[in-house]
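Below, each chain spelled out in residue letters.
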Amino acid sequence: MSTDALSIAQDLLRCPSVTPADAGALGVLDKLLTSAGFTVHRVTFSEEGSADIENLYARIGTSAPHICFAGHTDVVPPGEEAAWSHPPFSGDVTDGLLYGRGAVDMKGGIAASVAAVLDYLAANGGQPKGSISFLITGDEEGIAVNGTVKLLQWAAERGEKFDHCIVGEPSNVEEMGDTIKIGRRGSQSGTLVVDGVQGHVAYPHRASNPVPDIATLITALSSDPLDQGNAQFQPSNLEFTSVDVGNTASNVIPAQARARFNIRFNDHHTQASLRDLIDSRVAAAAGNRIRAHVIWEPSNSDSFVTKPGAFTDTVVAAIKDVTGRTPDLNTGGGTSDARFIKNYCPVIEFGLVGQTMHQIDEHTKVADLDKLTQIYHGVLDRYFA
Ligand SMILES: [Zn+2]
């Protein structure tokens, strides 16, 4: 059994684990971790209306501090396979590049963390000076109901306590070591509804046209900033994504207009305070004449941030050691499972370079895999020092 990051990554890439399929991916990790002395649990979660999903939790050591590596072995579909220069589940290496769906998002990251932990254990008599665990789900790229959320609950019920967590998502933008994600913005979608009165275009005084009115409200909501951002976050942002009247006639004033929008928000807001803020801005812009309201969509995506401190310093030092770079501590981009883990312990994301994620010909430099392995190893050395 090869335990270097490249071999592990290839073994994982050769499992076509498109959500919800596991296709043997967790078995690869199970074998490696079991033979290194981990206690490995395979847990399947179900929910009506969604596919059963396999997950894995493995731990070595019983004492604190406890560091957890989290991630997902499922991948997005490869798209048109013929468009790939190397088959998407081949794990081919050409010119120092490892190809495959999941190479950067995030089987490569998982492989580097497993290789680093095995190296670390081999160099330290087979036991950490604390505990190391892996929290790996097969349900991140899909609807994510039978994955990390349930696995964290399951672990908490068993009495598992995490002190820190690293999610191996591809955090770097251009080069290894340029970015650590220390938080994420929250996401909230809604629909702005303006009610008018339907009528004939030739008799507008008998109607009330919601089209210019919704345009007024869209302009108002788009122009007022939600906040100015802060040291960890860019300003929150509201984007309208569509305007719908659904009117097929050219001689009818429609009865209603709707506009959908999404807000990416920082830690100046909670979901509740944000909804209140928008509702009050709609009311103010509508005045007494326009009849408008917002329909809010359910969302489980609040913002979070792991404030820079001892833990981020540890990771920064390990990154600097291997790459010579001082990473940016960033909160941009989309959401990940870190949004669930933050309820249990401080969490950061650091993995490979994300440029080709979800694309045809997804690939990573083999050299980056090695760097990431060294960085994780450096984190462990410092963490348990
Ligand atoms: Zn991912």
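Quick caveat: nothing in here was measured; it's all calculated off a predicted structure.

1. Examining the sheet that holds strand 19 (residues 363–365)
The strand order across the open sheet built from 3 strands is 4-5-19, with neighbouring strands paired in antiparallel fashion. Pairing within the sheet leaves two strands with one partner each, and these edge strands are strand 4 (93–94) and strand 19. Pairing geometry for strand 4 and strand 5 (residues 97–99), over 2 bridges, is antiparallel. Counterpart to Thr94 in the pairing with strand 5 is Leu97. Together, strand 4 and strand 5 form the strand contacts of helix 1 (residues 5–13), whose direction differs from that of strand 5 by roughly 20°. Those strands touched by helix 9 (residues 366–383) are strand 4, strand 5 and strand 19, and its axis lies near 70° from that of strand 19.

2. Thoughts on the nonpolar core
Judged by nonpolar contacts, the single largest core of 57 residues is most densely connected at Leu29, Phe38, Ile67, Val114, Ile132 and Phe350. For this core, the secondary structure elements donating two or more residues are helix 1, helix 2 (25–35), strand 2 (50–60), strand 3 (66–72), helix 3 (107–123), strand 6 (131–137), helix 7 (310–323) and helix 9. When near neighbours in sequence (up to four residues on either side) are disregarded, Leu29 contacts Leu12, Leu56, Thr73, Ile110, Val114 and Ile136.

3. Considerations on the pattern of salt bridges
The full count for this structure, using the stated rule, is 11 salt bridges. Arg158 serves as the salt-bridge partner of Glu160, at 3.8 Å between the closest nitrogen and oxygen. The class of Arg158 is partly exposed, set by a relative accessible area of 43%. The salt bridge partner of Arg260 is Glu297, with a shortest N-O separation of 3.4 Å. Placement of Arg260 in strand 14 (residues 256–265) and of Glu297 in the loop between strand 15 (291–296) and strand 16 (304–305) is noted, with a sequence separation of 37 residues between them. Using a relative accessible area of 39% as the deciding quantity, one classes Arg260 as partly exposed. Each of the salt bridges in this network shares a partner with another, and the network as a whole consists of Asp30, Arg42 and Glu54.

4. Some points on the coordination of the zinc ion
Protein-derived ligands of the zinc ion are His72 (NE2), Asp105 (OD), Glu169 (OE) and Glu169 (OE), with the metal-ligand distances lying across 1.9 to 2.6 Å. Taken together, the 4 donor atoms coordinating the zinc ion span angles of 54 to 141° at the metal, a pattern that classifies the geometry as irregular.

5. Overview of the sheet that holds strand 14
With respect to topology, 4 strands assemble into an open sheet ordered 12-14-10-15, the strand pairing being antiparallel. For this open sheet the edge positions go to strand 12 (237–244) and strand 15, each flanked by a neighbour on one side alone. On average, each strand axis in the sheet is tilted by 25° relative to the strand beside it, whichever way the strands run. In this structure, strand 10 (residues 186–195) lies alongside strand 14, joined through 10 bridges in antiparallel fashion. By the bridge assignment for strand 14, Val193 is matched with Arg258. This element, helix 6 (residues 271–286), spans strand 10, strand 12, strand 14 and strand 15 of the sheet and lies at about 165° to strand 15.

How each quantity is defined
Residues numbered from 1 in each chain as written. Predicted model: local features only at pLDDT ≥ 70, side-chain atom pairs only at ≥ 80, totals over all residues. Heavy atoms only, no water. Pairing = 2+ DSSP bridges. Helix = DSSP H or I, 4+ residues; strand = E, 2+ residues; numbered from the N terminus. Contact = heavy atoms within 4.5 Å. Axes fitted to C-alpha atoms, helices over the stretch in contact; angles between N-to-C directions. Core = buried A, V, L, I, M, F, W, Y, C linked by side-chain atoms within 4.5 Å. Buried < 20%, exposed > 50% of the residue type's maximum accessible area, 1.4 Å probe, protein only. Salt bridge = Lys/Arg side-chain N within 4 Å of Asp/Glu carboxyl O. Donors = N, O, S within 2.8 Å, 3.2 Å for Na, K, Ca; no water. Tetrahedral: all angles 85-135°; square planar, octahedral: opposite > 155°, others 65-115°.

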